[in-house]
Amino acid sequence: MYSKIVRNDMANSKLITCMTTLFVAAAAMLITLSAVLIVHLSGAIDTLMKQAETSHFLQMHSGAIDQARLTEFAEHHDRVDEFQINEFLNVDGAKISIAGTTLAHSVQDNGFSTQSEKFDYLLDLDGHAIEVANGDIYIPVGYLKDGTAKLGDTMMVNNKTFTIAGFLRDSQMNSMLASSKRFLVSEEDYTAIQKAGTIEYLIEFRLKNLSDLKDFEEAYIRAGLEANGPTITFSLFKMLNALSDGLMLAVILLISILVVAIAFMCIRFTLHTKIEEDYREIGVMKAIGIRVVDIQKMYLAKYGVIAVIGCVLGFAFSFLLRDLLLENIRLYMGETDNTSLVWIITIIGLLLVFITVMAYVQSVLKQFRKLSATQAIRFGTTYGKARHANYLNLSSNKMLPINLFLGMKDVLSRKRLYATMLTVLLLATFIIIVPQNLYNTISAKSFITYMGIGNSDIRIDIPQGNQNAQHVAAVVKTLERDTAITDYTVLTTKKFTTIASDGAEESLKIELGDHTIFPVEYALGRVPVAQNEIALSVLNAQELHLKVGDVIPLVINGEKNNLTVSGIYSDITNGGKTAKAAFSDRSAESMWSVVYGTMANPSQVEEKITEYVDTFHFAKVSGINHYINQTFGTTIHSIGKVSIAALVMALLLCVLVTLLFMNMLIAKDQTSIAIMKSVGFTNVDISKQYIARSVFVLLLAIVMGTFLANTLGEFLTSMVIASFGAAAFEFTINPLAAYVFCPLAIISVVLVATLLGTLRAGQLKIMDHIKE
Amino acid sequence: MKKLVSGEQITKSFQVGNEQHHVLTNVSVDLYEGEFVSIMGPSGCGKSTLLYALSGMDSIDRGRVMFDGMDLTSLSDKELADLRRTRMGFVFQQPTFLKSLNILDNILLPAMRDQRKNVVALTETAKNIMKKMGIVDLAKRDITQVSGGQLQRAGICRALISKPQLIFGDEPTGALNSTSAQEIMDLLASINTEGTTVMLVTHDPKIAARTERILFMCDGAIVNEMRLPRFTGAGLEDRMIAITAKMREIGI
């Protein structure tokens, strides 16, 4: 009998049944997708790092190297499991071309390596360590993704021709945020091109126990071993791998949570409306002696069917979208080992949706017990009962046109009813604005200041060498004379020794110069200005247990000086452990220098870079826009895609929910509409009243949603961003998009949906609804 | 007397399943200015349908309804709405009010659509009418806070707010006890005395006895008609006896 009642009931209320099923499906789909994405990303990163046997500790070093001393250190240190020194042949981008395109403008340090012997393998797209034949070359997968290269292309390195035999995954330098990229060639070819560049050493360790990393790091520093270059640890490799897709994932997660919330609100709303419609029938059933449990069973059976169909549909949809979202993760990191976990999580997610829907229905059905049969038969209503708002009276209204007045009054009189629509539209606004603001923020030039890089037009990297000082002087001289350059600054990184709180000596790389010209974003405090001030990166501050205002002892010129920490900033460059100060120092040897400059006419940056590349053959010249494009490009692109998807989805939700809401409202309001018509209100009047209700709720929702997006949304986003190492984050808002186009888009779709949804109101026959 | 409404050969039917169910068959009726008319007949004879057809609130299949020289069947929805709002008033059997408005606002509703700027004068008018109906103290009350009889008076107030020429009542006393019913009839009679034409549907001879012209309907047609002198307060019993005798005579 239940199946018959359920079938009849569904056939009678097709719209509501369809909508409820769709919302359950949306909730199920998003929950499964998020679960799958999280498992995949974390699983794929783990798998990649396991297959590649990523180094636990990597010290990059350029210059002379004492291999025997390093080997001895590794052999005598009981924490070390494996040790190796790899070479990285750093070749100027101008000497490399892929399929005829030069890499001269690449901001990456492109270099060549041979396959490692013991660990840190370069993997093919199937996850196996690559064995490369003579004349063949494997190139980083990022170049496949951005379209620079395809299989079988020719690549020229200093006049030697290679064939691209495949693409490689590099667990240490995969991410575009890592500044170096390794190309894999055979031993023989490596020797052949060795003269084309300079050798950088990758001093790599794997430990017996990863938790000893901190102690090992200190021991390495204390031993005074080769350290002319960034130090990168296992956790930073992991973070870099997670960063670009993680941000997109975070946005998808946020949207999912909100859409699930919307879905549940709509389920609640349809359920309430349906029950209200059935109220009289329920009363009759009670009155003729049917047990409450049996009535509840009918509803549970119906919603059980809806929930199951919804979950199955959601699961199917998630399958369709899964590959699209996983494309990037698969390409860069491969598959996860945990396919069974993916299934388990998917099933748990679906069960969770099903159980929540049913639990919700059950809780609503509880009120059946309290329902009095006579009341249900006589009055036939439950919630949304009108209580007129006493402060808005027609008799004291001269200002508002009557239809507008009646629309607003209705909203205020039935706040609980309209609260659903308000919340849904508010969340939709939130879903549209937050990803959009995030996209704007990370694609704005200023975003790099959150990542530890000053906001300029041109960046000239002068690597370490005997002639560093002369090279810097040459660059400064040129910039000084160049009228196109409005401002520039030289930042030179030198190594100093500091004494940690436990008395141990630690080395600290400090970038010296004027940091006020192209400042980075400070999470806490401010830029160092005085001679005795220093700013630390978040990672350094954590490691040294220092906060703003603390004093740090530093050995300068053989003397111990006390410097005050003026600020803490986030940084992802050079392994994330950097410091900035303004004091002058002539003692220590400089490691490298960076010159930043701005141009009077930013449109000429490209020309200027080409000019400087020729002038300063010893340096790497790049435009900041290029830098952003190449490092954050994929992330920006994926967030851009997500924000458009969010916009489309939120607008669609607005249409669906408004249609649904208006339909139900009209069903509920049939008597009121008939009364209005009987006293002489035209169809147009009634449409106007519904539009007034919609617009009133909509405006409230947009204002509140925008406010929340810019406060709570910013806070949530900053938490996500903070987990990736950047702190003190503020949205860069495009006012035209956020305050004009988005609201306009929402308003127009909601208006159209209101008009469509209320078409029926005009066709209603007075007679059918006014007579008993 | 001037002819106000004239129904000519009105025919209307409903589709019930595959069957055509005739509600009105070639009904012709005229209504003159200042008349106090009632339509009587058994349940389902089509009296309410005729009332709604004459008011233009319901469409008809064939025939014509003229109101003050205008053919209602040729008017648009908008023109019909305008007519209902400005020249007609309706009183229904069940209270039909907007729950979100208080009594006064519900009464003002039809007039406020066009005369918003005139709200002070309108409120004054509404209160005067309410005073006459004895419900002026209830102006600010919620519609759920007053009795059925009081609501029905409020309904009459709303019907009167735009000073209509014609008031239609569909069993206006149907949901009331006999005392309240007679009070409502007193009010309608006094409105009629002031010049407003009143037409109502009833199945109660005691109510019909208050009117001056009674149309008897049966099976979708007007089968007979009876005229009575203006009721002055005495002889209600005799009028009722005359009506019931007539009904018995024509077999309804």
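Rules used throughout
- Residues numbered from 1 in each chain as written.
- Chains lettered and ligands numbered in written order.
- Predicted model: local features only at pLDDT ≥ 70, side-chain atom pairs only at ≥ 80, totals over all residues.
- Heavy atoms only, no water.
- Contact = heavy atoms within 4.5 Å.
- Buried area = accessible area lost by both parts, 1.4 Å probe.
- Salt bridge = Lys/Arg side-chain N within 4 Å of Asp/Glu carboxyl O.
- Helix = DSSP H or I, 4+ residues; strand = E, 2+ residues; numbered from the N terminus.
- Expected span 1.5 Å × (residues − 1).
- Buried < 20%, exposed > 50% of the residue type's maximum accessible area, 1.4 Å probe, protein only.
- pLDDT = per-residue confidence, 0-100.
- Patch = residues over 30% accessible without salt bridge, like charges linked within 9 Å, V, L, I, M, F, W, Y side chains within 5 Å.
- Areas by Shrake-Rupley, 256 points an atom, 1.4 Å probe, with all protein chains shown as cover.
- Polar contact = N/O pair within 3.5 Å; in protein donor to acceptor, adjacent residues only side chain to side chain.
- Phe/Tyr/Trp six-rings, centres within 6.5 Å; stacked < 30°, edge-to-face > 60°.
- Domains from an automatic or database assignment.

Right, let's talk about the interface of chain B and chain A for a bit. The interface is formed by 38 residues belonging to chain B together with 35 residues belonging to chain A. Overall, the association of chain B and chain A removes approximately 3100 Å² of surface from exposure, summing both partners, and the carbon and sulfur fraction of that is 63%. Area buried by chain B at its contact with chain A is led by Ser 100, Arg 113 and Arg 116 of chain B, which between them contribute 18% of it. Linking chain B with chain A are 1 salt bridge.

Residue and element names in this part refer to chain A. With 39 residues, helix α2 (residues 14-52) ought to run about 57 Å at 1.5 Å a step, and its terminal C-alpha atoms sit 55 Å apart, in line with that. Counting buried positions along α2 yields 28 of 39 residues, so the element is predominantly enclosed. The first or second residue beyond α2 is Glu 53, which carries a positive phi of 50°.

Turning next to the confidence of the model for chain B. Looking at chain B, pLDDT values average 90 and 100% of them are 70 or higher. Model confidence for the complex: the whole-complex pTM is 0.74, and ipTM, which rates the interface, is 0.85.

A few words on the environment of Lys 297 of chain A. The topology assignment puts Lys 297 of chain A in helix α8 (residues 292-333). Each C-alpha atom, one on Lys 297 of chain A and one on Leu 365 of chain A, is 9.6 Å from the other, the two residues being 68 residues apart in sequence.

The next point concerns a nonpolar patch on the surface. Residue and element names in this part refer to chain A. There is a patch of nonpolar side chains on the surface, built from Leu 22, Val 305, Ile 309, Leu 313, Phe 317 and Leu 320 and spanning about 510 Å² of accessible area. Looking at the nonpolar patch, the element that brings in the most residues is α8, giving 5 residues. When you line up the elements, Leu 22 lands in helix α2. Residue Leu 22 is classed as partly exposed on the basis of its relative accessible area of 41%.

A few words on the side chain of Asp 153 of chain A. Residues and elements named next belong to chain A. Here Asp 153 is to be found in the loop between α4 (141-145) and β8 (154-157). Judged by relative accessible area, Asp 153 falls into the buried class, the value being 11%. Reaching out from Asp 153, the side chain makes a polar contact with the backbone nitrogen of Lys 150 at a distance of 2.8 Å. Other than its neighbours up to four places away in sequence, Asp 153 contacts Ala 99, Thr 148, Phe 162, Thr 163 and Ile 164.

What follows is about unusual backbone geometry. All names here are of chain B. Despite not being glycine, Glu 171 shows a phi value in the positive range, around 50°. Mapped onto the secondary structure, Glu 171 falls in the loop between β7 (166-170) and α6 (178-193). Of note in the backbone geometry, Asp 219 takes a positive phi value of approximately 50° without being a glycine. Mapping Asp 219 onto the fold places it in the loop between β9 (213-218) and β10 (221-227). On the accessibility criterion, Asp 219 (68% relative accessible area) is exposed.

Moving on: the packing of aromatic side chains. All names here are of chain A. Throughout the structure, instances matching the rule amount to 24 aromatic pairs over all chains. Their ring planes at 85° and their centres at 6.1 Å tell us that Phe 73 and Phe 205 sit as a pair that is edge-to-face. Taken together, the residues span a long stretch of sequence, with Phe 73 in helix α3 (residues 67-76) and Phe 205 in strand β11 (residues 198-207) at a distance of 132 residues. Judged by centre distance (6.1 Å) and plane angle (40°), the rings of Phe 319 and Trp 343 are tilted.

A separate point is the domain arrangement of chain A. Residues and elements named next belong to chain A. Domain boundaries in chain A define domain 1 (1-55 + 240-379), domain 2 (64-227), domain 3 (394-446 + 628-772) and domain 4 (464-618). Look at where the C-alpha atoms of domain 2 and domain 4 centre, and you get two points 27 Å apart. The partner domain 4 presents 12 residues to the 8 residues of domain 2 that form the contact. Both faces considered, domain 2 and domain 4 share a buried interface measuring about 790 Å² in area, 48% of it formed by carbon and sulfur atoms. Per-residue buried area on domain 2 facing domain 4 is highest for His 105, Ile 221 and Ala 227; these three make up 45% of the total on that side. Applying the counting rule to domain 2 against domain 4 returns 0 salt bridges. At the boundary of domain 2 with domain 4, the tally comes to 0 residue pairs in polar contact (both at pLDDT 80 or more).

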